[in-house]
Structures are given as C-alpha cells and as structure tokens.
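Chain and residue survey
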Amino acid sequence: MSVARAYGLFEVELARKVLLSPHMARLTFAGPAVRGMRTLAADQRIKVFFPNAAGERPAIEDRADWYAIYKTQDVATRPPMRTYTIRHLRAEAGEVDIDFVLHGETGPASRWALNAEPGDRVQITAPNAAFEGEVGGYEWKPPAELSRVLLIADETALPALAGILEDLAAREAPPATQAFVEIPHADDALPVATWPGLEVEWMPRGRDAHGARMIEALVRARTPVLATAGEAVGEIDIEAVLPWERATGGADGFYAWVAGESAAVMVIRRELVQQRGLDRRAINLMGYWREGRVLD
Ligand SMILES: Cc1cc2nc3c(=O)[nH]c(=O)nc-3n(C[C@H](O)[C@H](O)[C@H](O)COP(=O)(O)OP(=O)(O)OC[C@H]3O[C@@H](n4cnc5c(N)ncnc54)[C@H](O)[C@@H]3O)c2cc1C
C-alpha cells in the first residue's frame, strides 16, 4: 500500500494575475493537482520553483527523494526555489492564490512574478491533502484563550498577516489586536478583515531603510508589563540564516507574531524578550528575508 507523503510536488500554471497595489500582485495558479493540496494555517509556507536563468521551466521529478536530488544539482542551472505563503486555497476548484511582493528584477521570484503571463508554469511543494498527520510549515498557532495579540510585519508577511486577521475576526470573541504593517508606499495598504478591538497601522516606508517602520512600531506596541528583567537573547548570524523562533503557547492571553526583514526582526526580538522580558513561549519571531542576501 502506498502512503501519501506529507508534502507533494504540484504542477501548476498561472491562471490569473491581478495587481493588488503598486508593489503586490495576486497570482492565481491552477491545475488538477491542486485539488490534492492542503493548507493548515494563515501563514502556511510553501516553496515555489521558478524557471532557471536559461528560462527552462522547472521539471523536478515527483519522487520521494526529489529534494535530496535537488540539493545535489548545480545551483546555476537548477530551478530556483523561494518561500511563499498560501493566501487562499480553493482546492475543489483546483486553484491557489499567492500574493507576490514586486520588489524588482533582482531575484528570480519577483522577476518571474512581474513578467509572468497566464499559461506560464511553475512547481510548488505544499502539504498533501491525502496525508492526515501533522505536516508543520506554519507558526500561527494561537492558544484558545486569547485576550491580546500583537502583529508586526512588512509587505512580505502581509499575505500571512491578512489571513491571520481573517482567522481572528472569525472567532466568537476576537481579541484586542494591534497590527503594524510596513509597506513600501501608502498605496500598498490593502483591505483587511476588521472588528472593534482591532487597530491596524499601515506604515509607509518611503525612502527609509527596510524594517525601519517595523522597529518604530515598538514604541506604540502595547505588551504586558512585567516586573522582572528579561533573559539575554542569544546571537543569530542573520547573514547566514533566517532567524526563526517559534511560540509554543500563550502567556496570560498574550500572543505575538512578528515577520519581515531579518535585521528588523532581531531588533524587535531584543526589545520584546530582553528589554520587556516577555515570555518567549508567546512570541513568534521570523525573518522572512534578509536585505542584500539570498537565503532560503
Ligand atoms: C515563511 C515565508 C513566507 C513568505 N511569504 C511570502 C509571500 O507570501 N509573498 C512574498 O512576496 N514574499 C514572501 N516571503 C519572502 C520571499 O521568500 C523573499 O522575499 C524572497 O527573497 C523573494 O525571492 P526573489 O527571488 O524575489 O529574491 P532573492 O533572489 O531571494 O533576492 C534577491 C535580492 O532581492 C532582495 N529581496 C528579497 N526580497 C525582497 C523584498 N521583498 N524587497 C526588497 N528586496 C528583496 C534580497 O535581499 C536580495 O538582495 C516569504 C518568506 C518566508 C520565509
């Protein structure tokens, strides 16, 4: 008997591309295989494989050891792989939406998204619906008892954040929530779910450094007040890896989810954990990308 793998390799083609704002496009991918895709949370991450520098479309063979084979292949000629978020999955219709930040032609993913036309093909690795166990690949796991939520993101984490707001809005009693979103320009603000206890602050970056607005948000971020000093945070080499610290639960109803450019995430990490002494078990801190680096 064959057992479904936790993650599948999905062949898809671009069905539609819609500009959501000057720097964000929604790409809808379609294919019969998408009926077998699954998403478990608003920040479900997936890997997308793009055409290589020669323009050859990705053709990774779907077999159990495909990733081991991929890693042995020449970086210059294998299809580049980048991490994205499932924004919406309409499995029955065989469609999945991914919201791409259009940051220019410097990376294969943004370049492809800028130029892609309906019919263009990529491959996606994502959770398999036929696999019933826990597959991971997401960090938004708030506890049932939730009184206060803090969300800080830049535009790369806006797709996940928008889904998180939808998730919270659907709760019987949505918690008091502050959402701070750094965006390139004021026109990049998007419609999001709302409720009376939600404060959303769109923070246009203008010509300032990536992450500057995320850091400034700390001044206005309301967090529990603790009597004791926090523990020292360790070092992470953000030029080599994306910082990634997962919450394991909530603490007194407080829960935080922070994602964006790595250097900004590191400053926020020091402030929340070391300066404010918040319980690390309630805080997700995730570098989604590092300025000037290609990390994945
Ligand atoms: C869990 C997770 C989920 C993510 N979800 C999304 C998502 O849904 N949508 C989305 O758009 N991104 C998302 N990202 C971020 C995305 O993976 C990176 O931005 C990625 O580097 C883009 O690849 P690229 O080929 O365009 O650029 P790369 O080849 O990786 O990088 C080329 C250059 O561009 C720079 N760069 C990369 N991203 C940006 C940016 N946004 N703005 C300015 N410069 C940049 C790099 O620092 C580098 O100098 C996610 C990342 C993670 C870890």
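Before going into details, it helps to say that this report is about the structure given with it. (Residues numbered from 1 in each chain as written. Predicted model: local features only at pLDDT ≥ 70, side-chain atom pairs only at ≥ 80, totals over all residues. Heavy atoms only, no water.)

**Details of the nonpolar core**
- Of all hydrophobic cores here, the largest spans 27 residues; its most connected members are Trp 140, Leu 151, Leu 161, Ile 164, Leu 165, Leu 168 and Trp 257.
- If you list the elements that add at least two residues to this core, you get β8 (148-153), α3 (158-169), β9 (176-183) and β12 (254-261).
- At 6 residues, the largest contribution of residues to this core is made by α3.
- Inspection of this core shows a minimum of three residues originating in each of domain 1 (7-127) and domain 2 (148-289).
- The contact partners of Leu 161, leaving out residues within four places of it in the chain, are Leu 151, Ala 153, Ala 179, Val 181 and Trp 257. (Core = buried A, V, L, I, M, F, W, Y, C linked by side-chain atoms within 4.5 Å. Buried < 20%, exposed > 50% of the residue type's maximum accessible area, 1.4 Å probe, protein only. Helix = DSSP H or I, 4+ residues; strand = E, 2+ residues; numbered from the N terminus. Domains from an automatic or database assignment. Contact = heavy atoms within 4.5 Å.)

**Quick look at the sheet that holds β12**
- Taken in spatial order, the 6 strands make up an open sheet running β10-β9-β8-β12-β13-β11, and their pairing is mixed. Every other strand in the sheet has two partners, leaving β10 (198-204) and β11 (244-245) as the edge strands with one partner each.
- Across 6 bridges, the pairing between β8 and β9 is parallel. The residue bridging Ile 152 from the neighbouring strand is Phe 180, located in β9.
- The sheet strands contacting helix α5 (residues 262-275) are β8, β11, β12 and β13 (283-289), and the helix crosses β13 at an angle near 165°. (Pairing = 2+ DSSP bridges. Axes fitted to C-alpha atoms, helices over the stretch in contact; angles between N-to-C directions.)

**A short note on the site of the ligand**
- Taken together, 25 residues lie around the ligand, and Thr 83, Val 101, His 103, Ala 109 and Arg 290 are the ones closest in.
- Spatially, the ligand is embedded in the largest pocket.
- When contributions to the shell around the ligand are tallied by element, the ones reaching two or more residues are β4 (81-85), β6 (95-101), α2 (108-115) and β13.
- With 4 residues, β4 is the single largest residue contributor to the shell around the ligand.
- Residues of the shell around the ligand, tallied by class, amount to 10 nonpolar, 9 polar and 6 charged.
- Two domains each provide a minimum of three residues to the shell around the ligand, namely domain 1 (7-127) and domain 2 (148-289). (Near = heavy atom within 4 Å. 1 Å grid on protein atoms, 1.4 Å probe; cavity = no way out; pocket = protein on both sides within 12 Å on 5 of 7 lines; lining within 4 Å. Sits in = over half its atoms within 2 Å of the grid points. Nonpolar A, V, L, I, M, F, W, Y, C, P; charged D, E, K, R; others polar.)

**Some thoughts on the layout of surface pockets**
- Taken as a whole, the largest pocket holds about 1,100 Å³ of empty space.
- Around the largest pocket, the lining comprises 36 residues; the ones closest to its centre are Arg 82, Thr 156, Tyr 288, Trp 289 and Leu 295.
- At the level of secondary structure, the elements contributing two or more residues to the lining of the largest pocket comprise β3 (45-49), β4, β6, α2 and β13.
- Taken together, the residues of the lining of the largest pocket sort by class into 15 nonpolar, 11 polar and 10 charged.
- Each of two domains, domain 1 (7-127) and domain 2 (148-289), supplies a minimum of three residues to the lining of the largest pocket.
- Its boundaries defined by the atoms lining it, the second largest pocket holds a volume of some 490 Å³.
- If you trace the second largest pocket, you find 23 residues lining it, with Pro 51, Pro 80, Met 81, Arg 82 and Pro 108 closest to the centre.
- Among the elements that make up the lining of the second largest pocket, the one with the highest residue count is α2 (4 residues).
- Looking at the lining of the second largest pocket residue by residue, the classes come out as 14 nonpolar, 3 polar and 6 charged. (Points joined across faces, edges and corners; volume = space filled by probe spheres on them.)

**Topic: the sheet that holds strand β7 (residues 121-127)**
- An order of β4-β3-β7-β1-β2-β6-β5 is seen for the 7 strands of this open sheet, with the pairing classed as antiparallel. Among the strands making up the open sheet, the edge pair consists of β4 and β5 (88-90). Between one strand axis and the next, the sheet turns through 35° on average, direction left out of account.
- Looking at chain direction, β3 and β7 are connected through 3 bridges and run antiparallel. Paired with Phe 49 across the bridge in β7 is Gln 123.

**Side note on α2**
- Listed in full, the buried residues belonging to α2 are Pro 108, Ala 109, Ser 110, Trp 112 and Ala 113.
- Taken together, the buried residues of α2 touch β1 (7-21), β2 (24-30), β4, β6 and β7.

**Observations regarding the packing of aromatic side chains**
- One pass over the structure, following the stated rule, counts 13 aromatic pairs.
- Centre to centre, the rings of Phe 50 and Phe 100 are 6.2 Å apart; their planes meet at 80°, and the pair counts as edge-to-face. Residue Phe 50 is found in the loop between β3 and α1 (66-72), and its partner Phe 100 is found in strand β6; the two are separated by 50 residues along the sequence.
- Using a relative accessible area of 0% as the deciding quantity, one classes Phe 100 as buried.
- An aromatic cluster of at least three residues, connected via ring pairs, comprises Phe 29, Phe 50, Tyr 84, Phe 100 and Trp 112.
- The ring centre of Tyr 70 lies 4.3 Å from the NZ or CZ of Arg 78, which sits over that ring. (Phe/Tyr/Trp six-rings, centres within 6.5 Å; stacked < 30°, edge-to-face > 60°. Lys NZ or Arg CZ within 6 Å of the ring centre and 35° of its normal.)

**Examining α3**
- Its 12 residues place the ends of α3 16 Å apart at the C-alpha level, agreeing with the 16 Å of an ideal helix rising 1.5 Å per residue.
- Counting buried positions over the 12 residues of α3 gives 9, a clear majority of the element.
- Those residues of α3 that sit buried are Leu 158, Pro 159, Ala 160, Leu 161, Ala 162, Gly 163, Ile 164, Leu 165 and Leu 168. (Expected span 1.5 Å × (residues − 1).)

The values are spatial; any link to function lies outside them.
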